Amino acid sequence: MDIAFELIESMLVKFRSEKKWTLQALEQLSEEDITSSPTTDSIANLVAHISGAVHSRIETILLDIPDTRDREREFEKGLEMSKEQAIKMTRDAFDIIIQYLERLQSNPELLMTQPFLNLPTLTYSQVNNETTALNLMIAMVREVHYHTGQIIYAAKMRKGQLVWQYD
């Protein structure tokens, strides 16, 4: 058994599942549900935050895009976002994560590389520039799962009950 392959495969299963359930929840919401919140963070804020984390931690590696994340904006009260924007932003963020994991799956030796070592200092991150790809992805599992759980919980609070499609 190759532990690196198994670990990456487990993360792929996890993120594909998170993508499926999060998109199903978002698709059942109205425009108002996306931006309304009983607390300070709306579903729009949570979607923007996941997208921002993916941008600053993964797009900078995969696509060599400079980190232009505006984390404060992700948490602005009253952040406007349409349902379609929320769905697209969520789908895109998960696709980037999955693409990166598939790259790691093809090259498991990359798990121990330090992909940020020669990049500008990371902003607002629980990982630093010396982190390994493995530590980055473990942090992303925790971060994304936490916030998708918040999205699904908020969606349930708005709708009372959600309808799930099981494959």
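Just above, that's the structure.
Every value quoted in this text rests on a predicted model; they were computed, and no experiment measured them. (Residues numbered from 1 in each chain as written. Predicted model: local features only at pLDDT ≥ 70, side-chain atom pairs only at ≥ 80, totals over all residues. Heavy atoms only, no water.)

This part covers helix 1 (residues 3-27). End to end, helix 1 covers 36 Å across 25 residues, agreeing with the expected 36 Å (1.5 Å per residue, within 8%). What helix 1 keeps buried is the set Ala4, Ile8, Met11, Leu12, Phe15, Glu18, Lys19, Thr22, Leu23, Gln24, Ala25 and Leu26. At the N-terminal end of helix 1, a side-chain oxygen is found 3.3 Å from the backbone nitrogen of Ala4, two or three residues along, and the residue is Asp2. (Helix = DSSP H or I, 4+ residues; strand = E, 2+ residues; numbered from the N terminus. Expected span 1.5 Å × (residues − 1). Buried < 20%, exposed > 50% of the residue type's maximum accessible area, 1.4 Å probe, protein only. Polar contact = N/O pair within 3.5 Å; in protein donor to acceptor, adjacent residues only side chain to side chain.)

Take the side chain of Arg69 next. Tracing the sequence through the fold places Arg69 in the loop between helix 3 (43-62) and helix 4 (71-74). Reaching out from Arg69, the side chain makes a polar contact with the side chain of Glu74 at a distance of 2.7 Å.

Ranked by internal contacts, the top residues of the largest apolar core, which has 46 residues, are Phe15, Ile58, Ile97, Leu101, Leu136, Met137 and Met140. Listing elements by their share of this core, those giving two or more residues are helix 1, helix 3, helix 5 (83-106) and helix 6 (133-159). Leaving out residues up to four positions away in the same chain, Met137 has contacts with Met11, Phe15, Ile58, Ile97, Tyr100, Leu101 and Leu104. (Core = buried A, V, L, I, M, F, W, Y, C linked by side-chain atoms within 4.5 Å. Contact = heavy atoms within 4.5 Å.)

Another point: the side chain of His49. Secondary-structure assignment places His49 in helix 3. Of the polar contacts made by the side chain of His49, one reaches the side chain of Arg69; its length is 3.2 Å. Setting aside its immediate chain neighbours within four residues, His49 contacts Arg69, Arg71, Glu74, Phe75, Glu143 and His147.

The next point concerns the environment of Leu162. Structurally, the position occupied by Leu162 is in the segment after helix 6. Accessibility expressed as a relative area gives 6% for Leu162, which makes it buried. A C-alpha to C-alpha distance of 36 Å links Leu162 and Asp67, two positions 95 residues apart in sequence. Beyond its immediate chain neighbours, meaning those up to four positions away, Leu162 contacts Ala25, Gln28, Ile152, Ala155 and Lys156.

Worth remembering: the numbers are spatial, not functional.
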